[in-house]
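Residue-level listing of the chains:
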Amino acid sequence: MNAAKYIWMNGEFIPWEKAQIHVLSHTLHYGNGVIEGTKAYKTDKGYAIFRLNDHTRRLKESAKMTLINIPYTVEELDNAQIELIRINEFTGDNVYIRPFAFLGYGVMGLYHKDAPVETAIAAWEWGAYLGEEGMQRGIRLKVASMTRPANTSNMGKAKATANYLNSQMAKFEAIESGYDEALLLDDHGYVAEASGAGFFMVREGKLISPPNDNSLESITQKTVIEYAEDLGYEVIRRRISREELYIADEAFLTGTAAEITPVREIDARIVGEGHRGPITEKIQSGYFDIVFGRNKKYEHYLTYVTQ
Ligand code: PPE
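Procedures and definitions
In this numbering scheme, every chain counts its residues from 1 along its sequence in written order. Per-residue local features are limited, in this predicted model, to residues with pLDDT of at least 70; the limit for side-chain atom pairs, both in listing and counting, is 80 or more; totals at the level of whole chains, interfaces and linings are taken over all residues. Side-chain descriptors were evaluated using all non-hydrogen atoms of the structure, hydrogens and water having been removed beforehand. What marks off one domain from the next here is an automatic or database domain assignment. Note on definitions: a residue-residue contact is assigned when non-hydrogen atoms from the two residues lie within 4.5 Å. Joining two parts hides part of their accessible area as seen by a 1.4 Å probe, and the buried area is that hidden amount summed over both. By definition, a salt bridge exists where a carboxyl oxygen of Asp or Glu is found within 4 Å of a side-chain nitrogen of Lys or Arg. Think of a polar contact as two N or O atoms within 3.5 Å of one another; within protein, one of them needs to be a possible hydrogen donor and the other a possible acceptor, and neighboring residues in sequence only count if both atoms come from side chains. Only DSSP runs of H or I with at least four residues qualify as helices, and only runs of E with at least two residues qualify as strands; both kinds are numbered from the N terminus onward. A helix's residues, less one, multiplied by 1.5 Å, set its expected span. Throughout, exposure labels follow a simple rule: accessible area from a 1.4 Å probe, protein chains only, divided by the maximum for the residue type, with under 20% read as buried, over 50% as exposed, and the rest as partly exposed. The pairing test for Phe, Tyr and Trp rings, Trp by its six-membered ring, is centres within 6.5 Å, and the orientation test on the planes gives stacked under 30 degrees, edge-to-face over 60, and tilted for anything in between. By convention a nonpolar core is built from buried Ala, Val, Leu, Ile, Met, Phe, Trp, Tyr and Cys residues, the set being connected through side-chain atoms within 4.5 Å. Throughout, the term near means that a residue has one or more heavy atoms lying within 4 Å of the molecule or strand in question. Every accessible area reported is derived by Shrake-Rupley at a probe size of 1.4 Å, with residue values counting cover from the shown protein chains alone.

Concerning the domain arrangement of the chain
Looking at the assigned domains, one finds that the chain contains domain 1 (6–125) and domain 2 (132–291). Each of domain 1 and domain 2 has a C-alpha centre, and these two points are 26 Å apart. The interface is formed by 19 residues belonging to domain 1 together with 20 residues belonging to domain 2. In total, about 1,700 Å² of surface goes out of reach between domain 1 and domain 2, with carbon and sulfur atoms giving 62% of it. Sorting the residues of domain 1 by area buried against domain 2 places Y41, F50 and R58 first, and these three jointly supply 33% of that buried surface. Connecting domain 1 to domain 2 are one salt bridge. For the salt bridge of E259 with K39, the shortest nitrogen-to-oxygen distance reads 3.1 Å. Connecting domain 1 to domain 2 are nine residue pairs in polar contact (both at pLDDT 80 or more). Those elements giving two or more residues to the side of domain 1 that touches domain 2 turn out to be β3 (33–35), β4 (38–43) and α2 (52–65).

Brief notes about helix α6 (residues 219–230)
Helix length check: α6 (twelve residues) gives 17 Å between terminal C-alpha atoms against 16 Å at 1.5 Å per residue, within 8%. Every buried residue of α6 is accounted for by I219, T220, Q221, T223, V224, I225, Y227 and A228. Put simply, S218 is the residue that caps the front of α6, since its side-chain oxygen is 3.4 Å from the backbone nitrogen of T220.

Overview of the packing of aromatic side chains
Per the stated rule, a full pass over the model turns up 14 aromatic pairs. Each ring, one from F100 and one from F102, has its centre 5.8 Å from the other, and the planes form 20 degrees; the classification is stacked. F100 gets classed as partly exposed once you look at its relative accessible area, which sits at 24%. Their ring planes at 35 degrees and their centres at 6.2 Å tell us that Y298 and Y301 sit as a pair that is tilted.

Structural notes on the pattern of salt bridges
This model, assessed by the stated rule, comprises 19 salt bridges. Here E265 and R140 are joined by a salt bridge, their closest N and O atoms 3.0 Å apart. With a gap of 125 residues between them, E265 in strand β15 (residues 259–266) and R140 in strand β8 (residues 139–143) connect regions that are remote in the sequence. Residues joined in a network through salt bridges with shared partners are K45, K296 and E299.

Quick word on the nonpolar core
I49, I70 and I85 are the most contacted members of the largest nonpolar core, which has 33 residues in total. Of all the elements in the fold, those that place two or more residues in this core are β1 (6–9), β5 (46–50), α2, α3 (74–87), β6 (94–103) and β7 (117–124). Apart from residues no more than four positions distant in its own chain, I49 is found in contact with T38, K39, A40, Q81, I82, I85, I97, Y301, L302, T303 and V305. One finds F200, V224, I260 and I279 within the second-largest nonpolar core, a separate group that totals 23 residues.

Regarding the site of the ligand
Y96, Y129, Y164, T220 and T256 are the nearest of the 22 residues found near the ligand. The side chain of Y96 places a nitrogen or oxygen atom 2.5 Å from an oxygen atom of the ligand. Between the ligand and the protein, one listed contact pairs an oxygen atom with a side-chain N or O atom of T256 at 2.6 Å. Protein coverage of the free-state accessible area of the ligand, which is 550 Å², stands at 92%. Listed by contribution, the elements that provide at least two residues to the shell around the ligand are β6, α6 and β14 (250–255). For the shell around the ligand, the two domains that each supply at least three residues are domain 1 (6–125) and domain 2 (132–291).

Encoded structure:
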């Protein structure tokens, strides 16, 4: 990975290589932690963080769901992210920001009430999540053999570290089978989300995305819905069955890291014409206009980092 200069940890900026923890940290053993993924883009007016407040609020909400008490306010965490971008003196055209909270050293056993909460924020330059070529040509998706855990036994709406075991198994399986990314169904057989991104398909000129009954409330998904409706497209939130995937005219993934990644194949079925579809291309280029500050209407989503 691309190391940066500083990491914010428990209220202080410390050198990147000093941000270390004990091997008996609670989260390493039992997996209760929460993460966020936020991105800053280099605009004409310097770096701007996209939907910063929405991401930070989601971090606090994930922590509330998983019984982790983050001892910082949303405002304090927002300011720490702004300052982190400033002092790291990044130069790339975008920077990924990873705020997170986990349980530290001092308590073993499952009852975590007295385990100390550690809060940290790292930021680094991260290239195209599913490859530059994928952004142009589209990626190949495999429906995972495991489903997303049922709502009766997990918390899909929390961006919880523990949810990524399921994601990791699916992603590994997809790549080992020659695909780029995994798409996970819910426990009833309907599309939930990709291993680290949301899902959209296009049929008869309409955009369709699953409800978040069994998945993360994706901030990029929300942005795409708002923008697509602005462009005059109808957007429908409804369940998508597996066979319907195979006859989609277009498909794409949405995520902070994945941005808008076109899908060109799903389980050996060619999607549409087998390359980035026209509506996908419009949404993708419009999304980049928004995050890079080239669309005034969406500028309220940007937090500028003044030097
Ligand atoms: N679902 C999952 C499971 C997920 O991890 C993400 C983001 C999304 C949907 C899209 O959410 P949003 O970023 O709010 O639009 N995944 C993050 C981490 C990826 C990683 O590999 O790490 C991200 O994109 O930041």
